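The primary structure of each chain is shown beneath.
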Amino acid sequence: MILGEPGFSVQPARLSPLDSSPFLCFGEGRVLLVDQGPSIPTWAQVRPLMPPGAQPFELARTAQGGIFSPHPFEKERAGEGAGLSYHPLHVFRSLSYAAAGLLVSCWHLWAWYEKNRFCGRCASPLAPDGAERALRCPHCGLVVYPTIAPAVIVAITSGDKILLARSARSSFRHFSLISGYVEVGETLEHAARREVMEEVGLRLGPLRYLGDQPWGISGSQMFAFQAEVLGDERIRLQKSELAEARWVRRSELEPQGHTVSIAFELMERFRTGTL
């Protein structure tokens, strides 16, 4: 239930790209990939598409070596061609577990850089730190680290039924599980019960912790729980958050085409009776 690759690290190691090094280019919610597959391109494949003089930026690393991108504070981006083109980020669902984990975690970092170009205290331009994954203000000394938002996701069950819901806000139109961010001062368990009560008006029995997953698409760490509904099963929909919610029997669930996300893994585990 861990989306990612063993040995993944964001700590700078001052590595230089090899021809075989993964090279990720992001822009406007899209990522440059090798069309055939699709798959993550290498530095050798992207280099001819980069502007002259562009310098690779070490974005992260794994046990196999560095992962690189264009410099996040420069305007240099790779073009398309030679079998490479930009794809929507949800393409990660078509990739292998390792490649999907690498892509979404690197997107998490890239999006953080995009949102933190200037100091929040004095408004001076920030600069990447060479010793750790952080941004430093050369004027006032403020240090900014990558942000991770804790969130909870809950598989709500009632015997052979599971509650599935569809967001009213997200462009992701599939049914999934109830989830939400942890607020200041909350425990994970408190957040899980609050989100469920707010969005579908259900009380929960004992919560069972199932695991967690880095989810770079939203910059989150997802903490998963399962609980049986307690008492009344009637759904009281929070229409500002959910377009629809319903109970679905185990026999009615279709096999998930992928289980890259923790939500779809839990749904598949419920369908197969292993949750």
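It should be emphasised that the depicted structure is a prediction, and the values quoted were computed from it without experimental measurement.

## Brief notes about the side chain of Arg-166
Reasoning step 1: Along the polypeptide, Arg-166 turns up in strand S10 (residues 161-167).
Reasoning step 2: On the basis of relative accessibility, which here comes to 19%, the residue Arg-166 falls in the buried class.
Reasoning step 3: Once residues within four sequence positions are removed from consideration, Arg-166 is found in contact with Arg-173, His-174, Phe-175, Leu-242, Ala-243 and Glu-244.

## A word on the sheet that holds strand S6 (residues 127-128)
Reasoning step 1: An order of S6-S7-S8 is seen for the three strands of this open sheet, with the pairing classed as antiparallel. A single partner strand is all that each edge strand has here, and the edge strands are S6 and strand S8 (143-144).
Reasoning step 2: Two elements, strand S7 (residues 135-136) and S8, share two bridges in a ladder whose sense is antiparallel. Residue Arg-136 lies in a different strand from S8, and its bridge partner there is Val-143.

## Considering the sheet that holds strand S1 (residues 26-27)
Reasoning step 1: On the basis of which strands lie adjacent, the open sheet formed by three strands has the order S1-S2-S5 and antiparallel pairing. The open sheet terminates on both sides in strands that have one partner only, identified here as S1 and strand S5 (84-88).
Reasoning step 2: Of the strand pairs in this sheet, strand S2 (residues 30-34) and S5 are connected by five bridges, and their pairing is antiparallel. Bridge assignment links Val-31 to a residue of S5, and that residue is His-87.

Conventions adopted
- Residues numbered from 1 in each chain as written.
- Predicted model: local features only at pLDDT ≥ 70, side-chain atom pairs only at ≥ 80, totals over all residues.
- Heavy atoms only, no water.
- Helix = DSSP H or I, 4+ residues; strand = E, 2+ residues; numbered from the N terminus.
- Buried < 20%, exposed > 50% of the residue type's maximum accessible area, 1.4 Å probe, protein only.
- Contact = heavy atoms within 4.5 Å.
- Pairing = 2+ DSSP bridges.

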